[in-house]
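Coordinate inspection notes
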Amino acid sequence: MDLDPLPLLAMILGTGVFAQWLAWRMRLPAILFLLGLGLMAGPVTGVLDPDALFGELLFPMVSLAVAVILFEGALTLRFEQLRGLGRVVRNLVTIGALATWLVVAFAAYLLVGLEPGIALLFGALVVVTGPTVIVPMLRTVRPTDRIANALRWEGIVIDPLGALLAVLVYQWLVSGYAAGHDTPLFVSFLTMVIVGTGLGFVAGRLLAIALRKHLLPEYLHNVITLAVVALVFTLSDLAMHESGLLAVTVMGITMANTRDTPLEDILDFKESLSLLLISGLFIVLAARLDLSRLQALGPAALGVLAVLIFVARPLGVFLSTMGSDMKLAERALIAWIGPRGIVAAAVSAVFALRLEDAGVEQAVLIVPLTFAVIIGTVVIQGVTAGPLARLLGVAEPDPRGVLIVGANPLARRIGRALSDAGFPVLLADTQWELVREARMAGLPAFFGSPASEHADRHLDLIGLGRLLALSPSAQLNALACLRYASEFGRGRVYAIGTSGERAARSAASVAGRPGFRLFGQDIDYPKLAAMVSGGADVRRTRLTETFGYKDYQAENGDSVVPLFALTPDGKLRMFVEEDGMQPVAGWTMFGLAMPREKERKDAKARSSEGASDVAGPPTVPLAGGSGGD
């Protein structure tokens, strides 16, 4: 179909963004929708023909896009994180990746008939899993924390490491085609590696120094970095053909491991840019896919997929978990979850294009075979991982964890009380000092706004199913409630009132009134923060047949603010303005109360009649209730 280029370019951009939104809405990997919409636009309907649309620009555009994607992934690889990972994760990204690479390469050589070099390249391409496919699957499967953490960290670390492996294998492969009769293969490969590594290291070090010493204005950090990536990629390719991808990968790793380099803004920009490039690139790549060639692979592609799922992945996991304390059921689920994703598809496309230009006949098989593996692993494992986790008994029954907006003293006290009651908590705050205090108090804390794009990519929500907005900012609380109402459900997000009823109503209207207001109409953040400053702590009281909720209220009055309650079957019930909750015998009350000595002084000053202690004999201080001021 012959259409003007402008509508087609707009369609690629709009379709990619729509696929990302659809994936977010349905909590599924975006790659499924990108592939489906790309196939519909290309081989199914014939609306989009990338080769006709871009012509000779297709290859440079895809190459530059992949260079940016690899650079962004390499920026996240810090060597200190590798040392801090558990032994199982380190083994998964080293021993497990090596086993997967060799087994899949042998299967491709045996079943598809690929040349040894092409088979090794394909095996290296499908080593990468990646967080873009792992994280959405984990949110759906909801495995135990140990499994989720192992898979998530494997996906994060294997992303740049696997891409680097694929680039090195590709360098070795093309060096064989580039080498003349008088140039040994090893010399050609070594030259490519030296040029790519050297130029990437020098460029990464110089740019890191320029950023660290503030030689560049902050508003130019992102665009200069992007320009340098394109320049390094081009210069490296001109100096030694096919060394550009290695150069930008080494450049990213060098910058990531140069101390005191301000990379946060660059990472945010590059992640947004990579998301846009990946979305458009996937639509283009899927539209170029030759379905007849994919169908021709047929049984051979299915055989390679079966070897990857049933042989290579289990073998890699078995070798990686030898000697660990992981149970058989945990190993089995980790072995089953290993979907391939965006990096594999993007890198395979550019390698295939380059090898086709070099006259390698079997290069046309790389992309359809890689896409077959991606589609197969994402669909098969995405559908079956949840039931398998429940069958093995390694799935969390319901996300009990609580995400708390704010790491102020009030949020820390409530977080500690929830944690001691058996509920995982994660605090999030934009003030580093408060985050540090929370971590020193033994509470997990995320540095950054929980309603930001950065949090969307980096905040680990696995095991979390409820939001408590406890910051003094009405706007932040409202935005967080709006953001997580779709994630947790509107009935599982709560916000405290701030700076009086008018501000609270304004915040609720801004957020479209999601969730509930915490603790009652007359209770707001300033009041509770003042109590905490005066030494208030969280105490618990168990209700009985002889000491019910009315007795609790009568004895404590305004001296205790009920926060939440725990039912006998372990369910958490928050006190909210709209509920009118009536706890019964067997429930455990948690309330914010002033120290008893302070209560007695205040009570004596208020009335000569005297007042009883905060909760009488049934009340006990909550162990570790203080989060530390």
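All values derive from a computational prediction rather than experimental measurement.

1. Digging into the confidence of the model for the protein chain
Averaged over the protein chain, the pLDDT score is 79; the fraction of residues at 70 or greater is 86%. Averaged over each element, pLDDT in the protein chain is lowest for strand S11 (residues 619-621) (44) and highest for helix H15 (residues 328-336) (91). Here residues 500-504 scores under 50 on pLDDT; set against residues more than four positions off or in separate chains, the count is 8 contacts.

2. Some points on the pattern of salt bridges
Following the criterion strictly, the structure yields 7 salt bridges and no others. Taking the shortest distance from any N to any O, the salt bridge between Arg146 and Glu330 comes out at 2.8 Å. Residue Arg146 is located in helix H9 (residues 145-178), and its partner Glu330 is located in helix H15; the two are separated by 184 residues in the primary sequence. Arg436 is the partner of Glu433 in a salt bridge, and the nearest nitrogen-oxygen pair spans 2.4 Å. Remark: Arg436 and Glu433 occur in helix H19 (residues 432-440); sequence separation between them is 3 residues, near one turn of the helix.

3. Looking at the pairing of strand S8 (residues 560-566)
Counting buried positions over the 7 residues of S8 gives 6, a clear majority of the element. Of the strand pairs in this sheet, S8 and strand S10 (residues 588-593) are connected by 6 bridges, and their pairing is antiparallel. Across the sheet, Leu566 pairs through a bridge with Thr588, a residue of S10. Across 3 bridges, the pairing between S8 and strand S9 (residues 572-574) is antiparallel. Note that in S9 the partner of Ala565 across the bridge is Arg573.

4. Observations regarding helix H23 (residues 525-533)
Since one α-helical turn is 3.6 residues long, residues separated by three or four positions face the same way. Taken together, the buried positions of H23 are Tyr525, Leu528, Ala529, Met531 and Val532. The buried residues of H23 occupy an angular sector of 155 degrees when the element is viewed end-on, so they sit on one face. Its buried side turned inward, H23 meets helix H18 (409-420), S8 and S10. One side-chain oxygen at the N-terminal end of H23 lies 3.1 Å from the backbone nitrogen of Lys527; it belongs to Asp524. Phi for Gly535, located one or two positions after H23, is positive at around 100 degrees.

5. Brief notes about the side chain of Arg340
Looking at the secondary structure, you find Arg340 in the loop between H15 and helix H16 (342-357). For the buried Arg340, no salt bridge exists, and the shortest N-O distance to an oppositely charged side chain is 6.5 Å, to Glu154. Reaching out from Arg340, the side chain makes a polar contact with the backbone oxygen of Val126 at a distance of 2.4 Å. In this structure Arg340 touches Ile31, Thr100, Val126, Val127, Val128, Thr129, Val133, Leu308, Val373, Ile374, Thr377 and Val378, once residues within four positions along its chain are discounted.

6. Observations regarding the environment of Thr541
Within the fold, Thr541 resides in strand S7 (residues 537-542). As a C-alpha pair, Thr541 and Phe590 span 49 residues in sequence and 6.6 Å in three-dimensional space.

7. Looking at the nonpolar core
Of all hydrophobic cores here, the largest spans 116 residues; its most connected members are Phe351 and Leu355. In terms of residue count, H16 provides more of this core than any other element does, 12 residues in total. Phe351 has contacts with Leu121, Leu125, Ala166, Val167, Tyr170 and Leu245, leaving out every residue within four places of it along the chain. Membership of the second largest hydrophobic core comes to 40 residues, among which are Ala411, Phe423, Val435 and Phe519.

8. Observations regarding a nonpolar patch on the surface
A grouping of Ile95, Leu315, Phe318, Leu319 and Met322 is seen on the molecular surface, where their side chains present a nonpolar patch of about 420 Å² in accessible area. Among the structural elements, Leu319 can be located in helix H14 (residues 291-320). For Leu319, a relative accessible area of 32% puts it in the partly exposed group.

9. Here's the deal with the side chain of Asn91
Mapped onto the fold, Asn91 is located in helix H6 (residues 87-112). If sequence neighbours within four positions are ignored, Asn91 has contacts with Gly96 and Ser320.

10. Comments concerning helix H2 (residues 30-44)
Taking 1.5 Å per residue as the helical rise, H2 with its 15 residues ought to reach 21 Å, and the 20 Å between its terminal C-alpha atoms agrees with that figure. Those residues of H2 that sit buried are Ala30, Ile31, Phe33, Leu34, Leu35, Gly38, Leu39, Ala41 and Gly42. Positive phi shows up at Gly46, right after H2, with a value of about 75 degrees.

11. Quick word on the packing of aromatic side chains
One pass over the structure, following the stated rule, counts 6 aromatic pairs. Considering the side-chain rings of Trp432 and Phe447, the 5.4 Å spacing of their centres and the 70 degrees angle between planes classify their relative orientation as edge-to-face. Of the two residues, Trp432 sits in helix H19 while Phe447 sits in strand S3 (residues 445-447), which places them 15 residues apart along the sequence. Judged by its relative accessible area of 43%, Trp432 falls in the partly exposed class. A cation over an aromatic ring shows up here: Arg483 above the ring of Tyr484, its NZ or CZ 4.5 Å from the ring centre.

12. Some points on the packing of helix H4 (residues 58-74) against helix H12 (residues 244-256)
Between two packed helices, both the angle of their axes relative to each other and the distance between the axes serve to describe the pair. In the contact formed by H4 and H12, the axes pass within 7 Å of each other and the chain directions differ by 25 degrees. Here H12 runs roughly parallel to H4, going by the angle between their axes. When you trace H4 past H12, the crossing you get is right-handed. Across the interface between the two elements, Ser63, Val66, Ala67, Leu70, Phe71 and Ala74 of H4 pack against Leu245, Val248, Thr249, Met251, Gly252, Ile253, Met255 and Ala256 of H12. Residue classes in the contact of H4 with H12 are distributed as 11 nonpolar, 3 polar and no charged.

Conventions we followed
- Residues numbered from 1 in each chain as written.
- Predicted model: local features only at pLDDT ≥ 70, side-chain atom pairs only at ≥ 80, totals over all residues.
- Heavy atoms only, no water.
- pLDDT = per-residue confidence, 0-100.
- Helix = DSSP H or I, 4+ residues; strand = E, 2+ residues; numbered from the N terminus.
- Contact = heavy atoms within 4.5 Å.
- Salt bridge = Lys/Arg side-chain N within 4 Å of Asp/Glu carboxyl O.
- Buried < 20%, exposed > 50% of the residue type's maximum accessible area, 1.4 Å probe, protein only.
- Pairing = 2+ DSSP bridges.
- Arc of directions from axis to C-beta.
- Polar contact = N/O pair within 3.5 Å; in protein donor to acceptor, adjacent residues only side chain to side chain.
- Lys, Arg positive; Asp, Glu negative; His and termini not counted.
- Core = buried A, V, L, I, M, F, W, Y, C linked by side-chain atoms within 4.5 Å.
- Patch = residues over 30% accessible without salt bridge, like charges linked within 9 Å, V, L, I, M, F, W, Y side chains within 5 Å.
- Areas by Shrake-Rupley, 256 points an atom, 1.4 Å probe, with all protein chains shown as cover.
- Expected span 1.5 Å × (residues − 1).
- Phe/Tyr/Trp six-rings, centres within 6.5 Å; stacked < 30°, edge-to-face > 60°.
- Lys NZ or Arg CZ within 6 Å of the ring centre and 35° of its normal.
- Axes fitted to C-alpha atoms, helices over the stretch in contact; angles between N-to-C directions.
- Parallel < 35°, antiparallel > 145°, perpendicular 65-115°, else oblique.
- Left-handed = near helix turned anticlockwise from the far one by under 90°.
- Nonpolar A, V, L, I, M, F, W, Y, C, P; charged D, E, K, R; others polar.

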